Amino acid sequence: MFLIRRFKLANHPTLQLRYYCTPTSSSFTSKKLFVGGLSWSVDEKSLNDAFSSFGEVVEVKIIYDKDSGRSRGFGFVNFTKEDDASSAKDAMDGKALLGRPLRISFALEKVRGGPVVVPRLSNVRDDSS
DNA sequence: AATGAGCGC
């Protein structure tokens, strides 16, 4: 089920490839939620407060821009049980937090290790024999 | 400076 390697080609200059483990079915469950649509001013504490009532929250992480320090407007919430994550998603998806409606889905996991690009030098000779 | 779909180090 989590077998499809999906790649996304980001905007040209960096030509970054990002691989994610995506489920074959569009609806799946996870203990980890992706929470988008966050107001710039939402921090991890308030996000925790908003989600901890649905179950035991292991981790709350908001993604901040590396050098501007500003929130990128999304984050992740980890529950111990995916039932809790699921009900939190159902209850909070579309619901506004600090004025902005949350966009919640189950988190995609980055493919472990990421893509391995094997250097292939076409003019390398095999001198082993 | 303002930005508003997306999936982190």
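Residues numbered from 1 in each chain as written. Chains lettered and ligands numbered in written order. Predicted model: local features only at pLDDT ≥ 70, side-chain atom pairs only at ≥ 80, totals over all residues. Heavy atoms only, no water.

**Q** Any chance you could explain the overall build of chain A here in plain terms?
**A** Along chain A, the regular secondary structure elements total two helices and nine strands. Look at the contacts in chain A between residues 6 or more apart in sequence, and 54% of them connect residues 24 or more apart. Here chain A has roughly 9400 Å² of accessible surface; of this, 51% comes from carbon and sulfur atoms. (Helix = DSSP H or I, 4+ residues; strand = E, 2+ residues; numbered from the N terminus. Contact = heavy atoms within 4.5 Å. Areas by Shrake-Rupley, 256 points an atom, 1.4 Å probe, with all protein chains shown as cover.)

**Q** Would you take a moment to explain helix α2 (residues 82–92) for this structure?
**A** Those residues of α2 not exposed but buried are D84, A85, A88, K89 and M92. Down the axis of α2, the smallest arc covering the buried residues is 135°, so these residues share one side. Within α2, the exposed residues directed more than 90 degrees away from the buried face are D83 and D90. Those residues of α2 that are buried lie in contact with β3 (32–36), α1 (44–51), β5 (71–79) and β8 (103–106). (Buried < 20%, exposed > 50% of the residue type's maximum accessible area, 1.4 Å probe, protein only. Arc of directions from axis to C-beta.)

**Q** What exactly am I supposed to notice about the nonpolar core here?
**A** Soluble globular proteins tend to pack their nonpolar side chains together in the buried interior. Grouped together as the largest cluster of nonpolar side chains are 20 residues, with contacts concentrated most on L33, V35, L47, F51, V77, F79 and L102. Those elements that provide at least two residues to this core are β3, α1, β4 (57–64), β5, α2 and β8. Once residues lying within four places of it in the same chain are set aside, the contact partners of F51 are L33, V35, V57, V77, F79, A88, M92, L102 and I104. (Core = buried A, V, L, I, M, F, W, Y, C linked by side-chain atoms within 4.5 Å.)

**Q** Please explain the environment of A91 as it appears in this structure.
**A** Note on placement: A91 falls in helix α2. In this structure the C-alpha to C-alpha distance between A91 and I104, which are 13 residues apart in sequence, comes to 9.8 Å.

**Q** Honestly, the pattern of salt bridges in this entry has me stumped. Any pointers?
**A** Oppositely charged side chains may form a pair once their charged atoms are brought near each other. In the structure shown here, the tally under the stated rule is four salt bridges. The shortest N-O distance in the salt bridge between D84 and K81 comes to 3.2 Å. According to the relative accessible area criterion, D84 is buried, its value standing at 11%. The partner of D93 in a salt bridge is K89, and the shortest N-O contact between them spans 3.8 Å. Looking at D93, the relative accessible area reads 35%, which means it is partly exposed. On the basis of relative accessibility, which here comes to 19%, the residue K89 falls in the buried class. (Salt bridge = Lys/Arg side-chain N within 4 Å of Asp/Glu carboxyl O.)

**Q** Is there a simple way to think about the UniProt feature "domain: RRM" (unreviewed entry) in chain A in this case?
**A** The UniProt record marks residues 31–109 with the feature "domain: RRM" (unreviewed entry), using the residue numbering of this structure. Along residues 31–109 one finds 24% helix and 39% strand; the C-alpha atoms at either end are 11 Å apart. (UniProt positions renumbered as here; feature names shortened; annotations may be inferred.)

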